[in-house]
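Residues per chain are reported as follows:
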Amino acid sequence: MKVTFLGTGTSQGVPVIGCDCAVCRSLDFRDKRLRSSVHLQVGGLSLVIDTGPDFRQQMLRANVRHLDAVLFTHEHKDHTAGLDDVRPFNFKQGKDMPLYARPHVIEQLKREFAYAFAEHKYPGVPQLKVHPIDHVPFFIEGVRIIPVEVMHYKLPVLGYRIGNFAYITDANYIAPEEKEKLRGLDVLVLNALRRKEHISHFTLEEALALIEELQPRRAYLTHISHQLGLHREVEAELPGHVRLAYDGLCVSVAYEPEHEEESQSSQ
Ligand SMILES: [Zn+2]
Ligand SMILES: [Zn+2]
Ligand SMILES: [Zn+2]
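Everything numeric here is computed off the predicted structure, so don't read it as measured data.

### Things to note about unusual backbone geometry
Residue proline 15 is bonded to the preceding valine 14 through a cis peptide linkage, with omega at 0°. Residue placement: proline 15 occurs in the loop between strand S1 (2–7) and helix H1 (22–25). Phi is positive for glutamate 141, which is not a glycine, with a value near 40°. Backbone geometry places histidine 223, a non-glycine residue, at a positive phi of 55°. By the element assignment, histidine 223 lies in the loop between strand S12 (218–222) and helix H9 (231–237). Residue histidine 223 is classed as buried on the basis of its relative accessible area of 1%.

Take a look at the structure:
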């Protein structure tokens, strides 16, 4: 499995418009963060988690030429605003784009992108096919995906586990039973906003404590604010198996396909 970090910034991105802090003025390319999203190449599929406002730029930058589906974590705008730009994939692939999300997220997408769900659509609007999901693992063309519920203040958000890789963004609490789904990972991606406490995101300290508890072989921090500090300086403080993600970072994760019939009969 190949994981590409398309964006690793918090909702405003880094640099922040009009900000003169050291991070926003940094010339290090790792201090330039588009809104958080990852591209996954797994079992012959090309998937993205979330379509934030930078989706178009991210697809061009990562040279993604084919997309099989979008998995949504939650309905916040920094994770959904770029959905209109799936149109080139509709045109090129000649089919609807499958979207996987919780029912309340689908309802929100239907409100915000009402024209794409209208009975009589204007020509050229996005062609979308929604697949409501909940806590139950599901398959996309043979790839097993395990949703993991995390809390973003009071809002339930989905993380996703595929094989021994998991992606958790926009969380500041994970219930014990959901944490059990995050054991034995090769790679955990986890949000860490900044050092100072925040109402709906893990701080750096909280993220490191959770990584210590879950013991993944490697961990990457994402959804980073300019308030966290310079990439180079923050990373120098971290344990060797924990890195700050940055835009464009690619990570390989061993993946063994699980067969649909086997996993159903073993339940
Ligand atoms: Zn967010
Ligand atoms: Zn700044
Ligand atoms: Zn959010």
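Past the structure itself, the notes keep going.
### Some points on the layout of surface pockets
If you roll a probe as big as a water molecule over the atoms, it shows you where there is empty space left. Reported here for the largest pocket is a volume of approximately 230 Å³. At the level of elements, helix H2 (55–61) and helix H4 (87–93) are the ones that each hand at least two residues to the lining of the largest pocket. Taken together, the residues that form the lining of the largest pocket break down as five nonpolar, one polar and four charged.

### Description of the environment of isoleucine 106
Assignment of secondary structure puts isoleucine 106 in helix H5 (residues 103–112). In this structure the C-alpha to C-alpha distance between isoleucine 106 and phenylalanine 29, which are 77 residues apart in sequence, comes to 35 Å. If sequence neighbours within four positions are ignored, isoleucine 106 has contacts with Ala101, Val130, His131 and Pro132.

### What to know about the pattern of salt bridges
Counted under the stated rule, the structure contains 13 salt bridges. Among the salt bridges present, the one from aspartate 84 reaches arginine 87, with a minimum N-O distance of 2.9 Å. Classification of arginine 87 as partly exposed rests on a relative accessible area of 27%. The partner of arginine 144 in a salt bridge is glutamate 258, with the nearest N and O atoms 3.2 Å apart. Placement of arginine 144 in strand S8 (residues 143–152) and of glutamate 258 in the loop between strand S14 (250–252) and helix H10 (260–265) is noted, with a sequence separation of 114 residues between them.

### Looking at the environment of leucine 230
Residue placement: leucine 230 occurs in the loop between S12 and H9. In this structure leucine 230 comes out as buried when scored by relative accessible area, which is 16%. For the pair formed by leucine 230 and alanine 22, sequence separation is 208 residues and the distance between their alpha carbons is 7.4 Å.

### So, the pairing of strand S5 (residues 97–101)
The buried count for S5 comes to five of five residues, which makes it a mostly enclosed element. The side-chain alternation of S5 yields two buried faces, one formed by Met97, Leu99 and Ala101 and the other by Pro98 and Tyr100. Looking at chain direction, strand S4 (residues 69–71) and S5 are connected through two bridges and run parallel. Within S5, the residue paired with leucine 71 across the bridge is tyrosine 100. Pairing geometry for S5 and strand S6 (residues 128–132), over five bridges, is parallel. Directly across from proline 98, in S6, lies its bridge partner lysine 129.

### Structural notes on the nonpolar core
In terms of nonpolar packing, the biggest core is built from 30 residues, with Leu40, Leu47, Ile140, Ile145, Ile162 and Phe165 touching the most fellow members. Residue contacts for leucine 40: discarding those within four places in its chain leaves Lys2, Val3, Leu45, Ser46, Leu47, Ile49, Ile162 and Phe165.

Parameters at a glance
Counting from 1, residues in each chain are numbered in the order their sequence is written. Each chain is given a letter, starting from A, and each ligand a number, starting from 1, according to the order in which they appear as written. Two thresholds apply to this predicted model, a pLDDT of at least 70 for residue-level local features and 80 or more for giving and counting side-chain atom pairs, whereas whole-chain, interface and lining totals are computed over all residues. Heavy atoms from the whole structure form the basis of all side-chain values; hydrogens and water molecules are not counted. The way it works is that DSSP assigns letters per residue, a run of H or I at least four long becomes a helix, a run of E at least two long becomes a strand, and they are numbered from the N terminus. A simple rule labels every residue: compare its accessible area, found with a 1.4 Å probe on the protein chains alone, to the largest value its type can have, and call it buried under 20%, exposed over 50%, or partly exposed in between. Cavities and pockets were defined on a 1 Å grid built over protein atoms only: a cavity is a set of grid points that admits a 1.4 Å probe from which the probe cannot escape, a pocket is an open set flanked by protein on both sides within 12 Å along at least five of seven lines, and lining residues are those with an atom within 4 Å of any such point. Grid points are joined across faces, edges and corners, and a volume is the space filled by probe spheres set on the points. In the scheme used here, Gly and all other residues not listed as nonpolar or charged are polar, with Ala, Val, Leu, Ile, Met, Phe, Trp, Tyr, Cys and Pro taken as nonpolar and Asp, Glu, Lys and Arg as charged. Whether two residues are in contact is decided by their heavy atoms: any pair within 4.5 Å suffices. Counted as salt bridges are all cases of a side-chain nitrogen of Lys or Arg within 4 Å of a carboxyl oxygen of Asp or Glu. Between any two strands, pairing holds if DSSP finds at least two bridges. Residues enter a nonpolar core if they are buried and are Ala, Val, Leu, Ile, Met, Phe, Trp, Tyr or Cys, with the set joined through side-chain atoms within 4.5 Å.

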